[in-house]
Amino acid sequence: MSEASAERVPVEAGFFTIPDDPSASPQLLGSKCVECGEYFFPRRPICARCLAHGCEDVTLSSRGTLFTYTYVHFPLMNSQRADHGGYGVGQVDLPEGPRIQAVLSGGENDFQIGMEMELELETLRQNKQGQDVVIYRFRPSTDGEA
Amino acid sequence: MGLQEVAVLGVGTTRFGVYPDKSNIVLAREAGVAALKDAGISFAEVGEAFVGYLFSTPMTGIRAMKEFGLTGLPATHVENASATGLVAFRDAAWAVASGRCDIAMALGFDKMSEAMRGGGRGQGRDSIDNVILPAAYFSLWGMRRMHERGTKPEHFAQIAAKNWNHGALNPFSHRQPDHEVTVEQVLKSRKISEPVTAMMTCPVDDGAACAIVARKDLARKLQPDRPLVGVRASVLQTETYSRGHIFMGPVVGPPSMTRDTGKQAYEEAGLGPEDMDLVLVHDAFANEELEYYELLGFAAEGEAEKLLEEGHTKLGGRIPFNTDGGLIARGHPGGPTGLAQIHELVVQLRGEAGRRQVDGARAGMAQLVGGGSVCAITILQRD
């Protein structure tokens, strides 16, 4: 991992927050339909459920429940962790409704369907400006509370 | 005139495999010429063409069509990921059904071996919508099913072994094992992503396949001595929203997409699962096939494992699935995959499938999903 003091920038803008406090959880940027109240990730102006135009911007919970997962026995390319032999992939249900498919942090035997997961940021690499380029992933919740 | 007045006039396919010395154009010509020969017509009689591929540059399909001669016919590119070939078939069938032409061609080709060379298998994460290994997202179905139903990896391995062994009976199959593949062998092969092992996945393939459809009355006149294989349904759906829908990352659509598309296909065909004699499905990863037993109505919810365990879905069983080896053995280049399924259905329904012939086969179904996502289903029936 790079030094905590490095500035963090998203690998792609518009999908998640980067809290100033490195120990705080990031949040996914979602939408809520003003007509039917359905929540979505990522942001979208038109509701996929009732087709109304004009969803409002919201931030989504950073914790959810693991719906399913797998562990891929191939290295994750472009990751700086050369020691990483494989990686978890999972689908996490947020309390607002959206199901998020993402890479999971942890080893082959660290996951169980139904467990609480928490969003975190992973540093992919440093850019030319010396900033940490980060992406989101989920890890098992440390305190078990959703 | 409707789809019910359309018949398959001819089919052709290359054996799928890795062909470093053959271009897309050469593969497409081989499959197309085989289909024209099987149909017993000249390319001059083809009124419209639909060409599908995933891994080549724009207009490659139009260039491939020139191999058959320059007749000025309208040709349209089709791309719907793994379902491309079945979608090209649907368009060709409807071009005839709508009265736009009397004879239409659906052609698919691809060289996945070249597409894989640049990227490799693992996957950059330089965008949020990154590419995770394709096996992973269907493995997510498999892990969930094991959790909900107590399904064992042995079930998935049994499907893979069945399809490998079906491939041994198909001269067009990429994989033609010279011994009986066992459940143990499949389970012991390299781990890809839990619960999927290497032998539960389709190979990397090059190849081409082609189907020619025509007005039924014309087909009868051209081929008076051959059993007529009619098109009963050819449908396509995209994803339908329900809560928990996944929008981000590589997606294969909710499993319900296959149930909904199947329902539409049965309704349009006026047939049900009980009328099918064989079924071809998207077994890119073995655990998918188990889900499709239920989603397509061949087993009640939670009963797919029983259908498999009792041997009903292998050749000789009540409703054999993937009689040609499926994507796992026959192969899965991309664009031509659905047209290879059509080839198998037609050969089976004509009674020309040799050692893998399903006795008295009269109706069959081909299903593919395409990541992104779509589901395409075609039902054919012998008159």
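The structure presented is a predicted model; accordingly, all values stated were derived computationally and were not measured.

### Topic: the overall build of chain A
Along chain A, the regular secondary structure elements total zero helices and nine strands. Start at the N end of chain A and walk to the C end: the helices and strands fall as β-β-β-β-β-β-β-β-β. Counting across all 146 residues of chain A, residues that qualify as buried make up 51%. Once local pairs closer than 6 in sequence are excluded, the contacts in chain A between residues at least 24 apart make up 52%. Accessible surface for chain A amounts to roughly 6,900 Å². Of this, 45% is attributable to carbon and sulfur atoms.

### Structural notes on the packing of helix H6 (residues 153-167) of chain B against helix H10 (residues 286-295) of chain B
Residue and element names in this part refer to chain B. It is at 8 Å that the axes of H6 and H10 come closest, and there the two elements cross at 100°. When the axes of H6 and H10 are compared, the pair comes out roughly perpendicular. Residue-level inspection shows Phe156, Ile159, Ala160, Lys162 and Asn163 of H6 in contact with H10, the latter providing Ala286, Asn287, Glu289, Leu290 and Tyr293. A breakdown of the residues in the contact of H6 with H10 according to their chemical character gives six nonpolar, two polar and two charged.

### Focus on the packing of aromatic side chains
Within this structure, the stated rule accounts for 15 aromatic pairs over all chains. Aromatic pair Phe41 of chain A and Tyr136 of chain A: ring centres 6.1 Å apart, planes at 85°, arrangement edge-to-face. Taken together, the positions of Phe41 of chain A in the loop between strand E3 (39-40) and strand E4 (55-59) and Tyr136 of chain A in strand E9 (residues 132-140) put the pair 95 residues apart, joining distant regions of the chain. A single burial state applies to Phe41 of chain A and to Tyr136 of chain A, both of which are buried. Consider the rings of Phe138 of chain B and Trp141 of chain B, whose centres lie 5.1 Å apart with planes at 80°: the pair is edge-to-face. Placement of both Phe138 of chain B and Trp141 of chain B in helix H5 (residues 134-149) is noted, with a separation of three residues, approximately one turn of the helix. A connected cluster of aromatic rings, assembled from ring pairs, spans Tyr137, Phe138, Trp141, Phe285 and Tyr292 of chain B.

### Regarding the sheet that holds strand E11 (residues 374-382) of chain B
Residues and elements named next belong to chain B. Taken in spatial order, the nine strands make up an open sheet running E3-E2-E4-E7-E1-E8-E11-E10-E9, and their pairing is mixed. Every interior strand has two partners, whereas the edge strands, strand E3 (75-78) and strand E9 (278-280), have only one. For this sheet, the mean inter-axis angle between neighbouring strands, taken without regard to orientation, is 25°. Pairing of strand E4 (residues 103-111) with strand E7 (residues 206-215), which is carried by nine bridges, proceeds in the antiparallel orientation.

About the thresholds
Residues numbered from 1 in each chain as written. Chains lettered and ligands numbered in written order. Predicted model: local features only at pLDDT ≥ 70, side-chain atom pairs only at ≥ 80, totals over all residues. Heavy atoms only, no water. Helix = DSSP H or I, 4+ residues; strand = E, 2+ residues; numbered from the N terminus. Buried < 20%, exposed > 50% of the residue type's maximum accessible area, 1.4 Å probe, protein only. Contact = heavy atoms within 4.5 Å. Areas by Shrake-Rupley, 256 points an atom, 1.4 Å probe, with all protein chains shown as cover. Axes fitted to C-alpha atoms, helices over the stretch in contact; angles between N-to-C directions. Parallel < 35°, antiparallel > 145°, perpendicular 65-115°, else oblique. Nonpolar A, V, L, I, M, F, W, Y, C, P; charged D, E, K, R; others polar. Phe/Tyr/Trp six-rings, centres within 6.5 Å; stacked < 30°, edge-to-face > 60°. Pairing = 2+ DSSP bridges.

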